[in-house]
Amino acid sequence: MVTEFNFVTEWRIGAPLSQVYDVISDCLDWPKWWRGVEKVEKLFPGDADGVESVHRFTWRGRIPYQFTFDMRVTRVVPLTLIEGQASGEVIGIGRWNFSYEGAMTVVRYEWRVRTNRLWMNLIAPIARPVFSWNHHQVMRQGAEGVARLLNARLESVHTSTHSM
């Protein structure tokens, strides 16, 4: 039995879209500013836009567990979209969407994954709310990190969980 999650997070940051996009697209630097990202390794470079690049991410959230997965970039539309396929301890799709509304850059992240670790699947029926809370906290830390790095105002962070 696997557990599936569908998270949607939206950040509103008072910084130019190009700066926010550059920070997010340079995932090798995430551990410097995003609390919770322990390590990012480049496994394969991909093309000039990063399509087909593969990175290994190691995360640790607010609850004491660590997980690692590889992300292969499948699609890039500069300043608009970065999409990838996760494999490893989670399997699924991650999608960053970027837009601009007034003075705010809007970043929308969709994370549709299923767990691929036995212990996570075994405790998921009772731990699902804790896993969701942990994801929300990690995403808040990311928004705060981007804003701090760009010396920008973080207007809002909203994360929702949808049943799958």
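Please read all numbers here as calculations on a predicted model, not as lab measurements. (Residues numbered from 1 in each chain as written. Predicted model: local features only at pLDDT ≥ 70, side-chain atom pairs only at ≥ 80, totals over all residues. Heavy atoms only, no water.)

Points about helix α1 (residues 17-25)
For step 1, the next point in the chain: Of the positions making up α1, those classed as buried are Leu17, Val20, Tyr21, Val23 and Ile24. Seen end-on, α1 carries its buried residues on one side only, within an arc spanning 165 degrees. (Buried < 20%, exposed > 50% of the residue type's maximum accessible area, 1.4 Å probe, protein only. Helix = DSSP H or I, 4+ residues; strand = E, 2+ residues; numbered from the N terminus. Arc of directions from axis to C-beta.)

A short note on the nonpolar core
For step 1, the next point in the chain: In this structure, Trp11, Trp30, Trp34 and Trp96 are the most contacted members of the largest nonpolar core, which totals 44 residues.
For step 2, the next point in the chain: With 8 residues, the top contributor of residues to this core is helix α3 (residues 118-149). (Core = buried A, V, L, I, M, F, W, Y, C linked by side-chain atoms within 4.5 Å.)

A look at the packing of aromatic side chains
For step 1, the next point in the chain: Using the criterion set out here, one finds 22 aromatic pairs in the structure.
For step 2, the next point in the chain: Ring centres of Trp34 and Trp96 lie 6.3 Å apart, and the angle between their planes is 75 degrees; on these two criteria the pair is classed as edge-to-face. Taken together, the positions of Trp34 in the loop between α2 (30-33) and β2 (37-44) and Trp96 in strand β6 (residues 90-101) put the pair 62 residues apart, joining distant regions of the chain.
For step 3, the next point in the chain: On the accessibility criterion, Trp34 (1% relative accessible area) is buried.
For step 4, the next point in the chain: Overall, Trp96 belongs to the buried group, its relative accessible area being 7%.
For step 5, the next point in the chain: Where Trp96 meets Phe98, the ring centres are 6.5 Å apart and the plane angle is 20 degrees; that geometry is what we call stacked. Taken individually, Trp96 and Phe98 each receive the classification buried, so the pair is uniform in this respect. (Phe/Tyr/Trp six-rings, centres within 6.5 Å; stacked < 30°, edge-to-face > 60°.)

Digging into the side chain of Arg95
For step 1, the next point in the chain: Inspection of the secondary structure assignment puts Arg95 in strand β6.
For step 2, the next point in the chain: One polar contact links Arg95 to Glu83, side chain to side chain, over a distance of 2.5 Å.
For step 3, the next point in the chain: Leave out the neighbours within four places in its chain, and Arg95 touches Leu81, Ile82, Glu83, Arg108, Tyr109, Glu110 and Arg112. (Polar contact = N/O pair within 3.5 Å; in protein donor to acceptor, adjacent residues only side chain to side chain. Contact = heavy atoms within 4.5 Å.)

So, the layout of surface pockets
For step 1, the next point in the chain: The computed volume of the largest pocket comes to approximately 820 Å³.
For step 2, the next point in the chain: Lining the largest pocket are 42 residues, with Trp30, Phe57, Met71, Trp96 and Tyr109 positioned closest to its centre.
For step 3, the next point in the chain: Mapped onto the lining of the largest pocket, the elements with two or more residues apiece are β1 (4-14), α1, β3 (54-60), β4 (66-77), β5 (81-88), β6, β7 (104-115) and α3.
For step 4, the next point in the chain: Counting residues per element, the lining of the largest pocket draws most heavily on α3, which supplies 6 residues.
For step 5, the next point in the chain: Its residues assigned to classes, the lining of the largest pocket comprises 27 nonpolar, 10 polar and 5 charged. (1 Å grid on protein atoms, 1.4 Å probe; cavity = no way out; pocket = protein on both sides within 12 Å on 5 of 7 lines; lining within 4 Å. Points joined across faces, edges and corners; volume = space filled by probe spheres on them. Nonpolar A, V, L, I, M, F, W, Y, C, P; charged D, E, K, R; others polar.)

Comments concerning a nonpolar patch on the surface
For step 1, the next point in the chain: On the surface, Leu118, Trp119, Leu122, Ile123 and Ile126 cluster together to form a nonpolar patch covering roughly 550 Å² of accessible area.
For step 2, the next point in the chain: Position of Ile123 among the secondary structure elements: in helix α3.
For step 3, the next point in the chain: Note on Ile123: relative accessible area 35%, which makes it partly exposed. (Patch = residues over 30% accessible without salt bridge, like charges linked within 9 Å, V, L, I, M, F, W, Y side chains within 5 Å. Areas by Shrake-Rupley, 256 points an atom, 1.4 Å probe, with all protein chains shown as cover. Salt bridge = Lys/Arg side-chain N within 4 Å of Asp/Glu carboxyl O.)

Brief notes about the pattern of salt bridges
For step 1, the next point in the chain: Scanning all chains against the criterion turns up 12 salt bridges.
For step 2, the next point in the chain: Residue Glu10 is joined to Arg12 by a salt bridge in which the shortest nitrogen-to-oxygen separation is 3.2 Å.
For step 3, the next point in the chain: The exposure class of Glu10 is partly exposed, given its relative accessible area of 25%.
For step 4, the next point in the chain: The shortest N-O distance in the salt bridge between Arg60 and Glu38 comes to 3.0 Å. Of this pair, Arg60 sits in strand β3 while Glu38 sits in strand β2, and the two are 22 residues apart along the sequence.

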